[in-house]
Structure formats: structure tokens, C-alpha cells
Amino acid sequence: MTVATAVPRQQNRAAAAFEYEFGGPIGATLTTLALPLVVLVLAHWSDVGRVDFAFLSASLGDTTNSHDPKPFWQIIRQNSVLCPRCNDSDSVSLLLRCALGVVAWFLFQVLLERFLPCELVQGSPVKGDAKNRLTYRINGHLAFWVTLLLVHAAWPVWDANAALYQFTTAPLATLYKYYTELAFVTILLSAMASTGLYLDSFRGQHKILADGGDSGNVLYDFFIGRELNPRIGTFDWKEFCELRPGLIGWVLLNIACAKQQYSVLGYVTGSMILVNVFHGIYVWDALYQERAILTTMDITTDGFGFMLLFGDLAWVPFTYSLQARYLVKHDPNLSAVALAGIVALHILGYLIFRGANGQKDAFRRNPTDPALSHLTFLQTKRGTKLLTSGWWGMARKINYTGDWIMGLTWCMVCGFDSAVPYFYAVYFFILLVHRSIRDDHMCSVKYGDDWETYKSIVPHRFVPGVV
Ligand SMILES: NC(=O)C1=CN([C@@H]2O[C@H](COP(=O)(O)OP(=O)(O)OC[C@H]3O[C@@H](n4cnc5c(N)ncnc54)[C@H](OP(=O)(O)O)[C@@H]3O)[C@@H](O)[C@H]2O)C=CC1
Ligand SMILES: CC(C)=CCC[C@@H](C)[C@H]1CC=C2C3=C(CC[C@@]21C)[C@@]1(C)CC[C@H](O)C(C)(C)[C@@H]1CC3
């Protein structure tokens, strides 16, 4: 059987047009402009608890917004720093305080990454070159716990003897109060950082470009990312941004929402506790398994551009915490039986997610691991093996299915009174289907006919025997 030799795009560009994704330059540009607005509109909708366009009309945003300061769009419309008639000193100082807070948060996580004890782990061969492997500092799990400890202990000491919900007046409630403004500032700084990384990828010949990030179109390359592994010394921008400030910030925003709910209702609801536990487990798992990210497509294949940087720093913390923000003022009053059923479904999703990702990561790290000796695989011309039994014999992307089931339970725990919390389930479904198509294409290029053989052995993508 002859195997088609995949020719990297650069060598092949002269022969064929560049293979754009995400709708090419126009799609990438529209996405770049639209996503930040989606973050801010979702922050408003989760606060008012419904799909609401009043802030677009003459009437300002929801006047029942109990938290102060005003929602972002009211600042925009009322002499904010972005308006020529700016004379509201409050909005200027607020946005500046938020900018300082976001930068301080990022640098705090950098310090933890740099100075906490770490394990040095080799990444996958860069673009398949076995002689070129990067070293990563793995200490995200420790950074997670050190952050939570400091955030809750560095201010008035949290009285461990107090009832579970007798929170101190820690600044987490402030974090919630400035949520929308923090999102706006984070988006702005992400765009600035993306621009810097984009321009930096033109400096020096040592830069290794991602296959998909060198189209020559400035708008597309800015979105998708030119450089594969942007680094400052041993500091890896892509791995750091994907796992630290955004994920850990997400947990802090959730806790801030729980504290805010307590200050509004006088107690924390079962749904709010569950959302914090579900999301906390998800982030903890990602950091506990930090090394597993080194074999994912974001690290091995995708460039680091606005999409990933904005996704890591703004989209994840401020969109993934929507359920917690919604629950601050909207208690679905779910019964214990309903909550127990949601917990059972979440456990099922987690077992599939962790089982599949853990099996593939262990197999990639050591295919001869005795614990995996019961599994069958396809030896490919590329040199790597493809699992054809176990989780990866059931469906080609069963890890996505487990992840989506967990995401669905995050929505369900908010009840069924509003569509707003279900944004995540819809968005995530679209993202995972699109991602599976991208990965299928990349594996087809990597493995040629062997990938077709694998697909004949494992014909279904998400649900065994179904789809
Ligand atoms: N919460 C969120 O927003 C998101 C979560 N995720 C989650 O991240 C996790 C990782 O997903 P993702 O990064 O997309 O990549 P995957 O973990 O799905 O890995 C895909 C790669 O695995 C390898 N592979 C594919 N099939 C096999 C097989 N049968 N045996 C061995 N290796 C195989 C291939 O790489 P190679 O052969 O070159 O090693 C392929 O490119 C998923 O659980 C997903 O749900 C992902 C995106 C967003
Ligand atoms: C719409 C938009 C801005 C898209 C950008 C996509 C990013 C939000 C996601 C791309 C891949 C991601 C991963 C995770 C979070 C979302 C992004 C950045 C992840 C860190 C979540 C936790 C998981 O355990 C994970 C480590 C497997 C996962 C890696 C991919």
C-alpha cells in the first residue's frame, strides 16, 4: 500500500492555493471583530438573566442592575474613556484600575510559573522533527493551589471556623463588580499582545511558523497566528496562556459570583455550589494533567494568534463563567433529585473525557506501557501508532463527547428558565464539531492512507454506532 507523502504547505504553496480555514481573511476578520462584542453582550445577558437588546436602543442597559458601577455600555454611552466627550473621571479611573489589575494578574501568574518548583518535560517533536523538542516548565497545578491560597489568605484572614458561607469582605466581590469592565480591558490587552506577537514573528530567522499561519494575508495571519511556539527564553507564551491566567481566572470569577450571590441572597444556592465544583474540577484536571496539553493540536500544530490568545485570556474566563454570573441573581430552585441527576450525568461525562484523554496521552508518552498492553493499534508509515481499541476504538473523538456532556450539565444546573446559560452548550457543540473536522483533515495529511484505514476500523466520530 503506498502512502501519500504529506508535503508541508510552504513547499507546496507554489503548486496550490493556500488552504484557508475559518472562512479565510474575511471570516477571520469578522470573527476577530465579533467575538469581543459577544463576550460583553453575554456578560450583560447573564446579569439580567435574559436575551436583551435594550442596551442597543436609546434606553440604556438594564436599570435593575443592582451592582455598581454601571454596566460597560452605560459607561461607553456616558462619557467613558472611549467617548470624545469624556468627562466622567470615574470611568477613566475604573478602566485604568481594571487594566492594572489584569496586567498584575498576568504578571503574578508569570512569577508563579517562573519561580515555583517545576518538572521539566519535553514536548512532541516540533513539526515532526525528532531532533527538535521544546522543554516546558510543568508547575500549573502548584500555581493553581498557591493562587487560591493567597487570594483567600492574603487579605483579611478567612476565618476557617466561620460557617461555610461567612465570607470575609475579600476583594473577590470587587472582582465580580468590575466583571464587565475587566472583560473589556482584557480583550483590549489581548488584541495589543496579539499585535506584538504577530509583529515579533517577522523578526529573526529562528522563528518556526505554523503550517496554517503563513498565508501572507495580514488579517488572516493575525487571527490564526504565524509563529508555532513563540517564546521569550524558556517562557512559552502558548502553553502558559492556555493553562494559567484564563483558566485560574475563571475559577476566581466563579468564586466571586458565589460571594456576590451570598451578599445578595444571604446564602449560596445548590446550583451555584455545583457550578463552582464542576468548573473547579475541570480547571483542576487541566492543570493536574498539564503535560497532556503538550500533545494537543493547539500546542503541536496551531499558530499563536489573536484567536488562541483572546480565547485563552478573555473568552474562557469571561464566557465560561457565565453560568456562575447568571446564578448570582437567578436561583432555579432545582430539587435535590434534579441536582443529583445532573451530578450523575456530569460524572459520566468526566469519566469519558478523562478516560479517553488519559489513555491517548499515556499511549503517546509510552506505547509499550504494560498497562496498555491489552489495547490494539494501527502501525502507521509516519511512525506513530493509532489506537484502534479502548476509548479510541469506540469513536474517533469520544473525548469531545465526554467534554460536551460535562458542558451540558454546567448549563442544566442553571435550570430551564432562560436560554442564556445554554450558550455554552451551543457554542461548544459548534467548536468541537469544527475542531474535529480540522483535526480529521490534519490527521489525513499526517497519516495519508493509514488515516483512511483507521477510519474504516473506527467509523464513528462522537457516539459509537451512531455518528
Ligand atoms: N473546553 C474547551 O473549550 C475545549 C476543550 N477541548 C478538549 O481538549 C481535549 C483535547 O482535544 P484536542 O486538543 O482537540 O485534541 P485531541 O486530544 O482530540 O487529540 C487529537 C490528536 O490525537 C492524535 N490521535 C487521534 N486519534 C488517535 C488514536 N486513535 N490513537 C492515538 N492518537 C490519536 C492525533 O495526533 P498525533 O497522532 O499527531 O499524536 C490527533 O491530531 C478534548 O477532550 C477536548 O474536548 C478542546 C478544545 C476546547
Ligand atoms: C471562539 C474562540 C475564541 C475560540 C478559541 C478556542 C479556545 C477558547 C479553545 C481552543 C482550545 C482550548 C482548550 C482549552 C480551553 C479552550 C481553548 C483555549 C482547554 C485548556 C480546556 C481544559 C481542558 O482540560 C484542555 C486542557 C484539554 C483544553 C485544551 C484546549
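None of these values were measured; they are calculated from a predicted model.

**Some details on unusual backbone geometry**
Okay, so step 1: With a phi angle near 55 degrees, Phe22 is a residue other than glycine that sits in the positive phi range.
Okay, so step 2: Looking at the element boundaries, Phe22 is found in the loop between helix H1 (9–12) and helix H2 (24–48).
Okay, so step 3: Positive phi, normally seen in glycine, also occurs at Asn333, with a value near 50 degrees.
Okay, so step 4: Checked against the element boundaries, Asn333 lands in the loop between helix H14 (322–329) and helix H15 (336–365).
Okay, so step 5: Residue Asn333 is classed as exposed on the basis of its relative accessible area, which comes to 61%.

**With respect to the side chain of Asp221**
Okay, so step 1: Considering the arrangement of structural elements, one finds Asp221 in helix H8 (residues 218–224).
Okay, so step 2: Of the side chains with opposite charge, Arg226 comes closest to the buried, unpaired Asp221, at an N-O distance of 4.3 Å.
Okay, so step 3: Engagement of the side chain of Asp221 in a polar contact is seen with the side chain of Ser215, the distance being 2.8 Å.
Okay, so step 4: Within the structure, the side chain of Asp221 is placed 3.0 Å from the backbone nitrogen of Gly216, a separation counted as a polar contact.
Okay, so step 5: In this structure Asp221 touches Tyr198, Gly213, Asp214, Ser215, Gly216 and Arg226, once residues within four positions along its chain are discounted.

**A word on the site of ligand 1**
Okay, so step 1: Neighbouring ligand 1 are 28 residues; Tyr320, Lys397, Tyr400, Arg435 and Tyr447 lie closest to it.
Okay, so step 2: Side-chain polar atom of Asp439 to an oxygen atom of ligand 1: 2.7 Å apart, as the coordinates give it.
Okay, so step 3: In isolation ligand 1 offers 920 Å² of accessible surface; the protein chains occlude 89% of this area.
Okay, so step 4: Those elements that place two or more of their residues in the shell around ligand 1 are H15, strand S6 (385–387), helix H17 (398–412) and helix H18 (423–447).
Okay, so step 5: Among the elements that take part in the shell around ligand 1, H18 stands out by supplying ten residues, more than any other.
Okay, so step 6: Looking at the shell around ligand 1, its residues break down into 16 nonpolar, three polar and nine charged.
Okay, so step 7: Residues lining the shell around ligand 1 come from more than one domain, with at least three contributed by each of domain 1 (1–46 + 86–331) and domain 2 (335–467).

Quick notes on the rules
Residues numbered from 1 in each chain as written. Chains lettered and ligands numbered in written order. Predicted model: local features only at pLDDT ≥ 70, side-chain atom pairs only at ≥ 80, totals over all residues. Heavy atoms only, no water. Helix = DSSP H or I, 4+ residues; strand = E, 2+ residues; numbered from the N terminus. Buried < 20%, exposed > 50% of the residue type's maximum accessible area, 1.4 Å probe, protein only. Lys, Arg positive; Asp, Glu negative; His and termini not counted. Salt bridge = Lys/Arg side-chain N within 4 Å of Asp/Glu carboxyl O. Polar contact = N/O pair within 3.5 Å; in protein donor to acceptor, adjacent residues only side chain to side chain. Contact = heavy atoms within 4.5 Å. Near = heavy atom within 4 Å. Areas by Shrake-Rupley, 256 points an atom, 1.4 Å probe, with all protein chains shown as cover. Nonpolar A, V, L, I, M, F, W, Y, C, P; charged D, E, K, R; others polar. Domains from an automatic or database assignment.

None of the figures reported here should be taken as evidence of function without further support.
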